[in-house]
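# Descriptive structure summary
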Amino acid sequence: MQRFILIAGLAALFMYAGFVAEGQQATAPPPKADLAGLQQALSAANADIHTVLITGWVRVTRPVAQDTLSATLGWASGAVPREEVRDLRRYQRDGVSYVGVRWVMAGTGLTGWQARVARVRAALAAAGPDPMMTVQLEGTTPRSDFLPLENQALDAVHATDRQPWSDGKAASIAGHTKALPPGPFGVNVQVAARKDGADGRTRVWVAWPALQQEY
């Protein structure tokens, strides 16, 4: 089961890499935008938050007005803030139409990230049934004790069924917590850490339900 953690991260990457194929492992948006446990976990790892990544996608069976989706997201007017990356697209895969959203934020935009999860959820729900989402927080810490700091992060959300993975250069633990919405993997939170060669600090990710890239 140790390989599961890496597989889950890769699966999450592929969820967005096509934006997603039907049947790909994913998770429905939470019934409410209550993902505060992610930030609590990151803080418990002594990591300073600097980036939030929200992705979402939905299969569509009718024409979707991109202007309407942009308005729901709050993207309809004004320039994109320097600290954000926004991507809204319609695409086809294997003859199926999808709408996908990718929203990266940093700096001043971080304070409203939970409200932005709700916006993404609302926009996707208006476009089609059964939308899927992932949310990922990233930060840095001077600590280098990967597994202990990850366990502290999971302690903050009372995570059980922990599944650790480590290769000495990076480490990850996934688990299950009632503090976050359910996920499709049996676990619904993942914490990973890796030393950043640029400044010597450790990069820490906390994600629901799983990471969206290798670490």
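## Quick word on unusual backbone geometry
Residues tryptophan 208 and proline 209 are joined by a peptide bond in cis, for which omega reads -10°. With respect to the secondary-structure elements, proline 209 resides in the segment after strand E8 (202-208). Even without being a glycine, asparagine 46 presents a positive backbone phi close to 60°. If you trace the backbone, asparagine 46 turns up in the loop between helix H2 (36-44) and strand E1 (48-59).

## Some points on the packing of H2 against helix H5 (residues 146-156)
Here H2 crosses H5 at 145°, and the two axes come no closer than 7 Å. Like other packed secondary-structure pairs, H2 and H5 cross with a definite hand, here right-handed. Contacts between H2 and H5 involve Gln40, Ala41 and Ala44 on the former and, on the latter, Gln152, Ala153 and Ala156.

## Quick word on the sheet that holds E8
With antiparallel pairing, eight strands are arranged side by side in an open sheet as E2-E3-E1-E4-E8-E7-E6-E5. Of all strands in the sheet, those with a lone pairing partner are strand E2 (84-93) and strand E5 (160-166), marking the two edges. In this sheet, adjacent strand axes meet at a mean angle of 15° when their direction is disregarded. Contacting E2 and strand E3 (96-105), helix H3 (residues 66-73) runs over the sheet at an angle of about 145° to E2. Each of E1, E2, E3 and strand E4 (132-141) is contacted by helix H4 (residues 113-127), which is oriented at about 10° to E1, the strand it contacts most.

## Describing the packing of H3 against H4
Packed helices, taken two at a time, are described by the angle their axes make and the gap between the axes. Where H3 meets H4, the axes come as close as 8 Å, and the angle between the chain directions of the two elements is 155°. In terms of axis orientation, H3 runs roughly antiparallel to H4. Handedness of the crossing formed by H3 with H4: right-handed. Across the interface between the two elements, Leu69, Thr72 and Leu73 from H3 touch Arg119, Val120, Ala122, Ala123 and Ala127 from H4. Residues belonging to the contact of H3 with H4 are distributed by class as follows: six nonpolar, one polar and one charged.

## Let's talk about the confidence of the model for the chain
On average, residues of the chain carry a pLDDT of 85, and 83% of them reach 70 or more. Predicted confidence for residues 1-25 stays below pLDDT 50, and this span has 62 contacts to residues more than four positions away or in other chains.

## As for the nonpolar core
Ranked by size, the top nonpolar core spans 44 residues in total, and within it Leu38, Ile54, Trp113 and Val135 carry the most contacts. A total of six residues in this core trace back to one element, the largest contributor, which is H4.

## Quick word on the packing of aromatic side chains
Taken as a whole, this structure holds two aromatic pairs when the rule is applied. With a centroid separation of 5.1 Å and an interplanar angle of 85°, the aromatic rings of tryptophan 75 and tryptophan 103 are classed as edge-to-face. Within this pair, whereas tryptophan 75 is found in the loop between H3 and E2, its partner tryptophan 103 is found in strand E3, the two being separated by 28 residues in sequence. Each member of the pair, tryptophan 75 as well as tryptophan 103, is classed as buried. The interplanar angle of 15° and the centroid separation of 5.3 Å between the aromatic rings of tyrosine 91 and tyrosine 98 together place this pair among those described as stacked. Each member of the pair, tyrosine 91 as well as tyrosine 98, is classed as buried.

## Looking at the pairing of E4
A regular strand carries its side chains on alternate faces of the sheet. Within E4, nine of the 10 residues are buried, which leaves the element mostly enclosed by the surrounding structure. Here E4 runs beside E8; their pairing, made up of seven bridges, is antiparallel. If you follow glycine 139 over to E8, its bridge partner there is valine 204.

## Some points on the side chain of threonine 51
Examined against the element boundaries, threonine 51 turns out to sit in strand E1. Only 2.7 Å separates the side chain of threonine 51 from the side chain of histidine 50, close enough to count as a polar contact. Once you skip the residues sitting within four places of it in the chain, threonine 51 turns out to touch Val104, Met105, Leu110, Gln136, Leu137 and Glu138.

## Thoughts on the environment of threonine 177
Structurally, threonine 177 is set in the loop between strand E6 (170-176) and strand E7 (189-195). Taking the relative accessible area as the measure of exposure, threonine 177 reaches 2% and is therefore buried. Considered as a pair, threonine 177 and asparagine 188 are 11 residues apart in the sequence and their alpha carbons are 6.7 Å apart. Of the polar contacts made by the side chain of threonine 177, one reaches the backbone nitrogen of alanine 179; its length is 2.9 Å.

Thresholds applied
Residues numbered from 1 in each chain as written. Predicted model: local features only at pLDDT ≥ 70, side-chain atom pairs only at ≥ 80, totals over all residues. Heavy atoms only, no water. Helix = DSSP H or I, 4+ residues; strand = E, 2+ residues; numbered from the N terminus. Axes fitted to C-alpha atoms, helices over the stretch in contact; angles between N-to-C directions. Left-handed = near helix turned anticlockwise from the far one by under 90°. Contact = heavy atoms within 4.5 Å. Pairing = 2+ DSSP bridges. Parallel < 35°, antiparallel > 145°, perpendicular 65-115°, else oblique. Nonpolar A, V, L, I, M, F, W, Y, C, P; charged D, E, K, R; others polar. pLDDT = per-residue confidence, 0-100. Core = buried A, V, L, I, M, F, W, Y, C linked by side-chain atoms within 4.5 Å. Buried < 20%, exposed > 50% of the residue type's maximum accessible area, 1.4 Å probe, protein only. Phe/Tyr/Trp six-rings, centres within 6.5 Å; stacked < 30°, edge-to-face > 60°. Polar contact = N/O pair within 3.5 Å; in protein donor to acceptor, adjacent residues only side chain to side chain.

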